[in-house]
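Overview (structure and organization)
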Amino acid sequence: MRFAGRSVIITGATGGLGRATSTRFHNEGANVALVDLSKNELNTFSQSLDSGSGNVITIEADVSKDADVKNYIDKTMEAFGHVDTLFNNAGIEGNISSLEEYDEDIFDRVMQVNIKGVWLGMRNCADAMRKSGGGAIINTASAAGLMATPSLIAYGASKHAVIGMTKSASIELAPAGIRVNAVCPGVINTRMMRSIEEQTIPDNPEEYVKAVSEKTPLGRYGEAAEVASLVAFLASDEATYITGSSYVIDGGLLNA
Ligand SMILES: NC(=O)c1ccc[n+]([C@@H]2O[C@H](COP(=O)([O-])OP(=O)(O)OC[C@H]3O[C@@H](n4cnc5c(N)ncnc54)[C@H](O)[C@@H]3O)[C@@H](O)[C@H]2O)c1
């Protein structure tokens with residue numbers, strides 16, 4: 001029960017990584033605040049996670065809107081009294097297109113959610129964490145934040161930005177006892193990869209899975225639960241001297 005009595009906010013909580021991480025923190029005793037766009041999906045997921053012990057709350061929010069972000073921090077403070085960890089995880093992939101044909105509105109939306117959403121999360125939880133004597137923020141970047149991502153110009157740019165913001169925030173927030181790190185997953189078995197597979201090879205998305213799995217030294221996609229283990233480690237007291245770092249979890253893909 002590493003997180004007994006701790007309070008953890010998870011954004012993008014009903015997505016693949018969000019569900020696995022919420023489950024992990026909940027199983028390890030944390031009070032969890034689940035944040036996502038759809039109230040219905042949040043309710044269904046929270047019921048599957050917990051049958052009414054009171055240590056799970058759900059908050060409908062668009063992470064790119066400051067008022068929504070303030071609200072999810074306030075609701076968590078009201079319910080649990082403190083915020084110890086923010087898993088700043090909500091993100092979108094945008095579309096697959098050459099940079100010349102990339103849709104401008106989609107480009108803007110990827111920046112709003114993946115960059116501004118992460119900044120607003122850090123900005124609004126800093127004071128709550130400071131009042132509790134510190135905390136841990138884990139931002140979801142991507143292997144796409146460390147490599148070229150042709151046909152995913154906005155997504156790759158946004159994830160490079162998350163790594164940059166993580167470094168800057170770690171310095172600004174260190175005096176308050178707040179550690180800030182990022183995780184950089186490679187290809188993980190969630191809805192987001194289904195979307196990328198289908199957009200890349202619409203006639204045969206399985207071909208994409210096969211090619212990427214073969215290119216990955218460990219020979220397969222990662223599972224969301226494997227990323228959740230890394231996030232839990234970075235949030236835990238086993239990581240008290242780690243800040244400003246970006247952790248690759250990609251089955252070796254970046255080095256292949
Ligand atoms: N799956 C992968 O291979 C992979 C690899 C590297 C990084 N990531 C990153 O992991 C994170 C989680 O992705 P996932 O794989 O679980 O995908 P997913 O699509 O299953 O989950 C994303 C979640 O974010 C939520 N979301 C999107 N926009 C939002 C907004 N404006 N406000 C609140 N919530 C919003 C969605 O509703 C969804 O529940 C993302 O940041 C993604 O970029 C995923």
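Refer to the preceding data block for the structure.
None of these values were measured; they are calculated from a predicted model.

Observations regarding the side chain of Asp-250
Within the secondary structure, Asp-250 is located in the segment after β7 (246-249). Although Asp-250 is buried, it forms no salt bridge, and the closest oppositely charged side chain is Lys-215 at an N-O distance of 9.3 Å. Here the side chain of Asp-250 touches Gly-252 through a polar contact of 2.9 Å, landing on its backbone nitrogen. There is a polar contact of 2.6 Å between the side chain of Asp-250 and the backbone nitrogen of Leu-254. Those residues in contact with Asp-250 that lie beyond four places of it in its chain are Gly-186 and Thr-216.

Points about unusual backbone geometry
Here the phi dihedral of Ser-151 falls at roughly 75°; this positive angle occurs in a residue that is not glycine. The residue Ser-151 is located in the loop between β5 (135-140) and α5 (153-173) in this model. Ser-151 sits in the partly exposed class, given a relative accessible area of 34%.

Structural notes on the pattern of salt bridges
In the structure shown here, the tally under the stated rule is 13 salt bridges. A salt bridge links Glu-93 to Arg-191; the shortest N-O distance between them is 2.8 Å. Placement of Glu-93 in the loop between β4 (85-88) and α4 (104-131) and of Arg-191 in helix α6 (residues 191-200) is noted, with a sequence separation of 98 residues between them. The closest approach of N and O atoms between Arg-220 and Glu-226, which form a salt bridge, is 2.8 Å.

Considering a nonpolar patch on the surface
A surface patch of nonpolar side chains, about 270 Å² in accessible area, is lined by Leu-99, Phe-107 and Ile-153. The topology assignment puts Leu-99 in the loop between β4 and α4. For Leu-99, a relative accessible area of 63% gives the class exposed.

Regarding the packing of aromatic side chains
On inspection of all chains with the given rule, the structure shows two aromatic pairs. Centre to centre, the rings of Phe-3 and Phe-25 are 4.9 Å apart; their planes meet at 65°, and the pair counts as edge-to-face. Within this pair, whereas Phe-3 is found in the segment before β1 (7-11), its partner Phe-25 is found in helix α1 (residues 16-27), the two being separated by 22 residues in sequence. Residue classification places Phe-25 among the buried residues on the basis of a relative accessible area of 0%.

A look at the site of the ligand
With respect to spatial proximity, 29 residues lie near the ligand, and among them Leu-17, Asp-36, Tyr-155, Ile-188 and Thr-190 are the closest. The backbone of Gly-16 places a nitrogen or oxygen atom 2.9 Å from an oxygen atom of the ligand. Asp-36 places a polar side-chain atom, nitrogen or oxygen, 2.6 Å from an oxygen atom of the ligand. In the complex, 93% of the free accessible area of the ligand, which totals 820 Å², lies under the protein chains. Examining the composition of the shell around the ligand, we find that three residues originate from one element, α6, more than from any other. Of the residues contributing to the shell around the ligand, the split by class is 14 nonpolar, 10 polar and five charged.

Digging into the packing of α6 against helix α7 (residues 205-215)
Contact pair α6 / α7: the axes reach a minimum separation of 7 Å and the direction vectors enclose 110°. As far as their axial angle goes, α7 and α6 are roughly perpendicular. At the point where α6 passes α7, the crossing takes the right-handed sense. Seen from α6, the contacting residues are Met-193, Ile-196, Glu-197, Glu-198 and Thr-200; seen from α7, they are Pro-205, Tyr-208 and Val-209.

Some points on the environment of Asp-127
Turning to its location among the elements, Asp-127 is positioned in helix α4. Asp-127 gets classed as partly exposed once you look at its relative accessible area, which sits at 36%. Taking C-alpha positions, Asp-127 is 29 Å from Glu-41, a pair spaced 86 residues apart along the chain.

Rules and cut-offs
- Going along each chain's sequence as written, the residues are numbered from 1 onward.
- Residue-level local features of this predicted model are given only where pLDDT is at least 70; pairs of side-chain atoms are given and counted only at 80 or more, and the full residue set underlies all totals for whole chains, interfaces and linings.
- The side-chain numbers reported here are obtained from all heavy atoms of the structure, hydrogens and water having been left aside.
- Going along the chain from the N terminus, every DSSP run of H or I of four or more residues is numbered as a helix, and every run of E of two or more is numbered as a strand.
- We call a residue buried when its accessible area falls under 20% of the maximum for its residue type, exposed when it is over 50%, and partly exposed in between, using a 1.4 Å probe and counting protein chains only.
- Charged residues are defined here as Lys and Arg on the positive side and Asp and Glu on the negative side; His and the ends of the chain fall outside this count.
- When a carboxyl oxygen of Asp or Glu is within 4 Å of a side-chain nitrogen of Lys or Arg, the pair counts as a salt bridge.
- Here a polar contact means two N or O atoms within 3.5 Å. Within protein one must be a hydrogen donor candidate and the other an acceptor candidate, and residues neighboring in sequence count only if both atoms are side-chain atoms.
- When checking whether two residues touch, look at their non-hydrogen atoms; a contact exists if any pair is within 4.5 Å.
- Each patch groups residues whose relative accessible area exceeds 30% and which form no salt bridge, using 9 Å between like charges and 5 Å between nonpolar side chains of Val, Leu, Ile, Met, Phe, Trp and Tyr.
- The method behind every accessible area is Shrake-Rupley, applied with a 1.4 Å probe, and residues are considered shielded solely by the protein chains displayed.
- The aromatic pairing rule takes the rings of Phe, Tyr and Trp, using the six-membered ring of Trp, and pairs them if the centres are within 6.5 Å, calling planes under 30 degrees apart stacked, those over 60 edge-to-face and the rest tilted.
- Whether a residue is near a molecule or strand depends on its heavy atoms: it is near if one of them lies within 4 Å of it.
- All amino acids are sorted into three groups, where Ala, Val, Leu, Ile, Met, Phe, Trp, Tyr, Cys and Pro are nonpolar, Asp, Glu, Lys and Arg are charged, and the leftover types, Gly among them, are polar.
- Lines fitted to C-alpha atoms define the axes here, with helix axes fitted over just the stretch in contact, and angles between the N-to-C directions of these axes take values from 0 to 180 degrees.
- Should an angle lie under 35 degrees it is considered roughly parallel, over 145 roughly antiparallel, and from 65 to 115 roughly perpendicular; all remaining angles are considered oblique.
- The sense of a crossing depends on the near helix, which, turned anticlockwise from the far helix by less than a right angle, makes the crossing left-handed and, turned clockwise, makes it right-handed.

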